[in-house]
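One letter stands for each residue in the lines below.
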Amino acid sequence: MPDSEAPRFTSAEVASITGISEDRSKRLWRALGFADAGGEAIYSEADIEALRTVEKVLETGVVDFDMAINLTRGLGLSMARLAEWEVSALAHQFDGHGEEDGTATAPRAAAETFSTSFNPSFERLMIYAWRRHMANAMGRLDTADEANTIQVTVGFADIVSFTALSNTLSEEKIGDLVELFESRCADVVALQKGRVIKSLGDSVLFINEDPIRALDTGEGIINVIGRDPRMPDVRVGIATGSVVLRMGDVFGPPVNMAARLTAVARRNRIIIDEATAGQLPPDLFETRRLPARPVRGFGVLEPVAVMRH
């Protein structure tokens with residue numbers, strides 16, 4: 001660990017050094033996702049420098065403190081997941097490495113050695129990816145209204161009976177299954193020019209601007225997951241409408257509807273809502289209303305099955 005990252009200051013000392021109130025610095029610290037350590041000396045010179053950077057941004061007046069907290073929380077959540085993802089991948093790769101010749105190294109030691117040479121390049125890639133995604137997000141502002149709402153088709157892909165399935169698998173196999181499921185889904189979504197909004201282990205939420213591409217995405221996920229005899233079956237629910245974009249997530253009735261429709265779908269099938277059905281060209285798709293049934297949060301609805309001609 002570099003000297004600048006070695007913990008040596010208490011929150012009171014940080015406040016004295018920076019001139020930033022203890023309460024303010026602690027709020028930013030917690031927003032990054034780090035636990036409040038009370039009076040312990042957990043802060044480093046790098047932490048102080050980061051705090052000063054945030055304060056300099058606030059002094060410009062470009063953002064206020066509430067927005068800084070909001071952005072910091074998003075940064076903390078994203079970086080925490082990325083760090084856990086990277087460490088997990090490295091530990092998995094190096095677990096048992098060298099056992100054949102008796103030179104096996106503990107996963108942590110092997111991962112730390114590898115990351116020393118790997119992380120500088122990974123940091124550059126991280127900055128590049130952030131800038132590229134930032135440009136894409138700015139471009140999407142053209143299609144959003146003042147309330148930051150847009151019209152999209154939302155898809156929800158769900159592994160069938162995941163809880164029962166996970167009870168029959170080892171922890172390692174569960175992890176491998178989830179990783180493969182998320183990876184294959186993300187690849188299909190990107191291929192159809194959509195976006196993965198979030199992964200929940202046994203399910204993936206995605207959006208497409210075009211309902212036909214959303215259906216193509218659902219069919220693609222079924223083909224690479226449900227049609228693979230080594231993988232579990234999946235169900236896909238699709239709904240269209242207005243959603244709110246906020247903090248990298250989407251909110252609104254179509255999101256809830258897509259999730260609810262997965263409970264209606266049969267294994268390796270897609271079920272859509274009426275709004276999506278109304279946007280599909282009848283010369284390309286055949287839609288069929290299913291028997292009315294209660295859908296939690298929406299009352300009694302008639303889900304729609306869809307097939308290509």
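Summary of the structure given here. (Residues numbered from 1 in each chain as written. Predicted model: local features only at pLDDT ≥ 70, side-chain atom pairs only at ≥ 80, totals over all residues. Heavy atoms only, no water.)

**Digging into unusual backbone geometry**
Now for step 1: Here Ser161, not a glycine, exhibits a phi torsion of approximately 50°, which is positive.
Now for step 2: A positive phi angle, near 60°, is found at Asn268, a position not held by glycine.
Now for step 3: With relative accessibility at 10%, the residue Asn268 sits in the buried group. (Buried < 20%, exposed > 50% of the residue type's maximum accessible area, 1.4 Å probe, protein only.)

**Some points on the nonpolar core**
For soluble globular proteins, nonpolar side chains are generally found buried alongside one another.
Now for step 1: Phe181, Leu215, Ile221, Ile270 and Ile272 are the most contacted members of the largest nonpolar core, which has 27 residues in total.
Now for step 2: When residues of this core are traced back to their parent elements, those giving at least two are strand 1 (149–159), helix 7 (171–191), strand 3 (203–208), helix 8 (211–226), strand 4 (234–246), strand 6 (270–272) and strand 10 (304–308).
Now for step 3: For this core, the leading source of residues is helix 7, giving 6 residues.
Now for step 4: Ignoring anything within four residues of it in the chain, the contact list for Ile272 reads Leu215, Ile238, Leu261, Ala277, Leu280, Thr287, Pro303, Val304 and Val306. (Core = buried A, V, L, I, M, F, W, Y, C linked by side-chain atoms within 4.5 Å. Helix = DSSP H or I, 4+ residues; strand = E, 2+ residues; numbered from the N terminus. Contact = heavy atoms within 4.5 Å.)

**Description of the pairing of strand 4**
Now for step 1: Among the 13 residues that make up strand 4, 10 are buried, leaving the element largely enclosed by the rest of the structure.
Now for step 2: Where strand 1 meets strand 4, 11 bridges bridge the pair, whose relative direction is antiparallel. Pairing of Gln151 across the sheet is with Ser242, part of strand 4.
Now for step 3: For strand 4 and strand 5 (residues 249–251), the ladder comprises 3 bridges, and the chain directions are antiparallel. Each bridged residue has a counterpart across the sheet, and for Arg246 the counterpart in strand 5 is Asp249.
Now for step 4: The hairpin formed by strand 4 and strand 5 contains 2 residues between the paired strands, and Met247 there has a positive phi angle of roughly 55°. (Pairing = 2+ DSSP bridges.)

No statement about biological role is implied by the geometric values presented.
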